[in-house]
Amino acid sequence: MSSGETDVWTVLVIVGLAAITVLTRSLFFISSRPWNLPHWAQRGLQYAPIAALAAVVVPEVVMTQGQFIQSWQDARLFAALAGAAWFFGRKAQRQAVLGTIVAGMLVYLPLHLVWGW
Amino acid sequence: MFFKPSMFRHPEFRIGALESLGAAPGLAAWALMTGVAMMNSGLSTFEALLMGVIVFAGSSQLAAIPLIASGAPMWVVLATGFCVNLRFVVFSAHMRSYVMHLPLRERLLTGYLMADLSYVQFTRRYPSHGSTPEQLQAQQAYLAGNCGVNWVCWVGFGVLGILLAGLVPTRWGLGFAGILALLGVLFSLASSPLRWVSAGVAGAAAVAAFALPYKLNILLAIAAAVAMSLLLEAGNRANSATSEPHS
């Protein structure tokens with residue numbers, strides 16, 4: 001994919017993502033008739049969002065150019081661990097996601113920029 | 001919700017806006033970082049601005065960025081965005097009784113603007129839906145104020161991030177903050193053992209099937225994880241059903 005150039009395909013994907021925002025957030029109140037999802041689909045809703053996030057996140061942390069990383073000296077691993085440590089070690093309920101980002105980047109940037117991991 | 005001037009004068013409008021402002025610093029930082037991540041992934045400025053202004057769903061934006069960058073087909077990107085957004089389907093079932101008195105156009109606008117924070121703050125303030133026109137009016141005014149501030153904050157700081165992205169070299173890898181944000185959302189969703197199973201199966205399957213074309217590893221991983229979780233859940237239910245009479 002050429003960087004920095006607008007192409008029709010990407011614009012269509014973005015418009016489609018906006019439509020999906022509306023569709024998913026309104027799904028149960030689009031139709032004025034009462035209706036229910038089948039039982040298995042209702043249960044599946046419990047597990048699909050976290051699965052989708054893990055499917056995107058894990059390869060971005062442990063793979064480089066399609067290969068499982070060969071070295072533990074990778075800034076991303078330690079950043080993800082620092083983020084996890086902050087998330088599960090914190091006392092306050094607020095700003096959990098923001099704290100995960102900050103803790104992770106505080107580990108990522110020095111390792112990546114200074115040590116070149 | 002935004003079509004009537006009486007909304008803006010309603011006292012609940014102010015209360016909704018103020019509650020939203022309370023969470024604004026965290027949201028602003030996340031939006032800023034999403035803007036930077038969109039630019040660093042190679043989207044053009046126009047594409048990043050379009051995404052930042054119309055998509056209005058941080059985790060589906062961040063999940064779509066690496067897929068778009070790797071040239072995944074449109075339906076894979078959209079299906080992944082849909083799955084990331086499925087938590088909103090649960091919210092919409094809950095919100096139905098609060099909005100069914102509105103015309104379809106306003107219901108869709110309400111849904112579009114109902115991000116996680118607004119949903120949580122709204123349902124905390126109004127545990128049940130209004131039964132009189134005045135109560136329903138007050139709830140709509142609260143939503144208009146809350147969602148309005150939320151939207152302005154998310155889009156405003158997202159655009160700022162897009163404009164500032166050029167100042168920081170891509171080499172720094174600031175886009176990785178987007179992955180850390182998704183990781184934080186993932187942790188906040190991991191509220192039961194079976195959800196951890198779902199995340200573990202999906203992560204392992206996405207790595208194992210990475211060589212599949214068209215980023216199909218993502219969809220395969222989601223399908224495998226949901227199927228595994230549902231099977232284990234059915235197994236747990238069967239076990240507890242047989243052991244209950246003795247316990």
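In case you missed it, the structure is sitting above this.
Presented here is a report on the structure given in the accompanying data block. Note on numbering: residues in each chain are counted from 1, in written sequence order. Key to labels: chains lettered from A, ligands numbered from 1, both in the order written. pLDDT decides what is reported in this predicted model: residues at 70 or higher carry local features, side-chain atom pairs at 80 or more are listed and counted, and totals for whole chains, interfaces and linings draw on all residues regardless. The basis for every side-chain value is the complete set of non-hydrogen atoms in the structure, without hydrogens or water.

What follows deals with helix 12 (residues 193–208) of chain B. Over its 16 residues, helix 12 of chain B extends 22 Å from the first C-alpha to the last, a length consistent with the 22 Å expected when each residue adds 1.5 Å. Only protein chains enter the accessibility calculation, which uses a 1.4 Å probe; a residue is then buried when its area is under 20% of its type maximum, exposed when over 50%, and partly exposed in between. By the criteria applied, helices consist of DSSP H or I runs no shorter than four residues and strands consist of E runs no shorter than two, each listed in order from the N terminus. Every buried residue of helix 12 of chain B is listed here: Leu-194, Arg-195, Ser-198, Ala-199, Ala-202, Gly-203, Ala-205, Ala-206 and Val-207 of chain B. By this rule, a helix spans an expected 1.5 Å times one less than how many residues it contains.

Our focus in this paragraph is the layout of surface pockets. In this analysis the probe radius is 1.4 Å and the grid spacing 1 Å, with only protein atoms considered; a cavity is a set of points the probe fits into but cannot get out of, a pocket is an open set with protein on both sides within 12 Å along at least five of seven lines, and lining residues have an atom within 4 Å of a point. Grid points are joined across faces, edges and corners, and a volume is the space filled by probe spheres set on the points. Each pocket or cavity is described by its volume, and for the largest pocket that value is around 1,200 Å³. Contributing to the lining of the largest pocket are 34 residues, with Val-97 of chain A together with Asp-116, Leu-117, Val-120 and Ser-188 of chain B lying nearest its centre. Mapped by element, the contributors of at least two residues to the lining of the largest pocket are helix 5 (96–115) of chain A together with helix 3 (24–40), helix 5 (58–69), helix 7 (86–99), helix 9 (116–125), helix 10 (133–164) and helix 11 (176–189) of chain B. Broken down by element, the residue count for the lining of the largest pocket peaks at six residues, all from helix 9 of chain B. Tallied by class, the residues present in the lining of the largest pocket amount to 19 nonpolar, nine polar and six charged. Every residue lining the second largest pocket is counted, 29 residues in all, and those nearest its centre are Glu-60 and Arg-76 of chain A together with Pro-66, Phe-176 and Ile-179 of chain B. Residues are grouped as follows: Ala, Val, Leu, Ile, Met, Phe, Trp, Tyr, Cys and Pro are nonpolar; Asp, Glu, Lys and Arg are charged; every other residue, Gly included, is polar.

What follows concerns the interface of chain A and chain B. Between chain A and chain B, the residue contacts involve 76 residues of the former and 88 residues of the latter. Overall, the association of chain A and chain B removes approximately 7,100 Å² of surface from exposure, summing both partners, and the carbon and sulfur fraction of that is 78%. Accessible area that two parts lose when put together, evaluated with a 1.4 Å probe and summed over both, is termed the buried area. The three residues of chain A that bury the most area against chain B are Arg-25, Phe-29 and Tyr-47 of chain A, which together make up 12% of that side's buried surface. Whenever a carboxyl oxygen of Asp or Glu lies within 4 Å of a side-chain nitrogen of Lys or Arg, that contact is scored as a salt bridge. Our count for the contact surface shared by chain A and chain B stands at one salt bridge. Note that Glu-233 of chain B and Arg-43 of chain A form a salt bridge whose closest N and O atoms lie 2.7 Å from each other. Nitrogen and oxygen atoms within 3.5 Å of one another constitute a polar contact, given that in protein one can donate a hydrogen and the other can accept it, and given that sequence-neighbouring residues count only through two side-chain atoms. Inspection of the region where chain A meets chain B yields 18 residue pairs in polar contact (both at pLDDT 80 or more). Breaking the side of chain A that touches chain B down by element, the ones donating at least two residues are helix 1 (8–26), helix 2 (39–44), helix 3 (48–62), helix 4 (75–89) and helix 5 of chain A. Working rule for contacts: check all heavy atoms of both residues, and any pair within 4.5 Å makes them a contact.

Turning our eyes to something else, we now look at the pattern of salt bridges. Residues and elements named next belong to chain B. Taken as a whole and assessed by the stated rule, the structure comprises five salt bridges over all chains. A salt bridge links Glu-12 to Arg-125; the nearest nitrogen and oxygen atoms lie 2.9 Å apart. In this pair, Glu-12 sits in helix 2 (residues 11–22) while Arg-125 sits in helix 9, placing the two residues 113 residues apart along the sequence. Arg-125 gets classed as partly exposed once you look at its relative accessible area, which sits at 35%. One salt bridge in this structure joins Glu-233 and Arg-237, with 3.5 Å as the shortest N-O distance. In this pair, Glu-233 and Arg-237 are both assigned in helix 13 (residues 216–243), four residues apart and thus about one turn of the helix distant. Owing to a relative accessible area of 9%, Glu-233 belongs among the buried residues under this scheme.

With that out of the way, let us pick up the nonpolar core. Ile-101 of chain A together with Trp-30, Met-51, Met-95, Phe-176 and Ile-222 of chain B are the most contacted members of the largest nonpolar core, which has 109 residues in total. Once residues within four sequence positions are removed from consideration, Phe-176 of chain B is found in contact with Glu-60, Val-61, Arg-76, Ala-79, Met-105 and Tyr-108 of chain A. In these notes, a set of buried Ala, Val, Leu, Ile, Met, Phe, Trp, Tyr and Cys residues joined through side-chain atoms within 4.5 Å is what counts as a nonpolar core.

The subject of this paragraph is the packing of aromatic side chains. Planes of paired rings set the category: under 30 degrees apart is stacked, over 60 is edge-to-face and the rest tilted, where pairs are Phe, Tyr or Trp rings (Trp by its six-membered ring) whose centres lie within 6.5 Å. Taken as a whole and judged by the stated rule, the model has 18 aromatic pairs over all chains. Arranged with centres 5.0 Å apart and planes meeting at 70°, the rings of Phe-87 of chain A and Phe-88 of chain A form a pair that is edge-to-face. For Phe-87 of chain A, a relative accessible area of 7% gives the class buried. Taken together, the aromatic side chains of Phe-87 and Phe-88 of chain A together with Phe-187 and Trp-196 of chain B make up a single cluster linked through ring pairs. The cationic tip of Arg-25 of chain A hangs over the ring face of Phe-88 of chain B; the distance from NZ or CZ to the ring centre is 4.1 Å. Lying over the aromatic face of Phe-87 of chain A, Arg-90 of chain A brings its terminal NZ or CZ to 4.4 Å of the ring centre. As a reminder, the over-ring test applies to NZ of lysine and CZ of arginine, requiring each to be within 6 Å of the ring centre and within 35 degrees of the ring normal.

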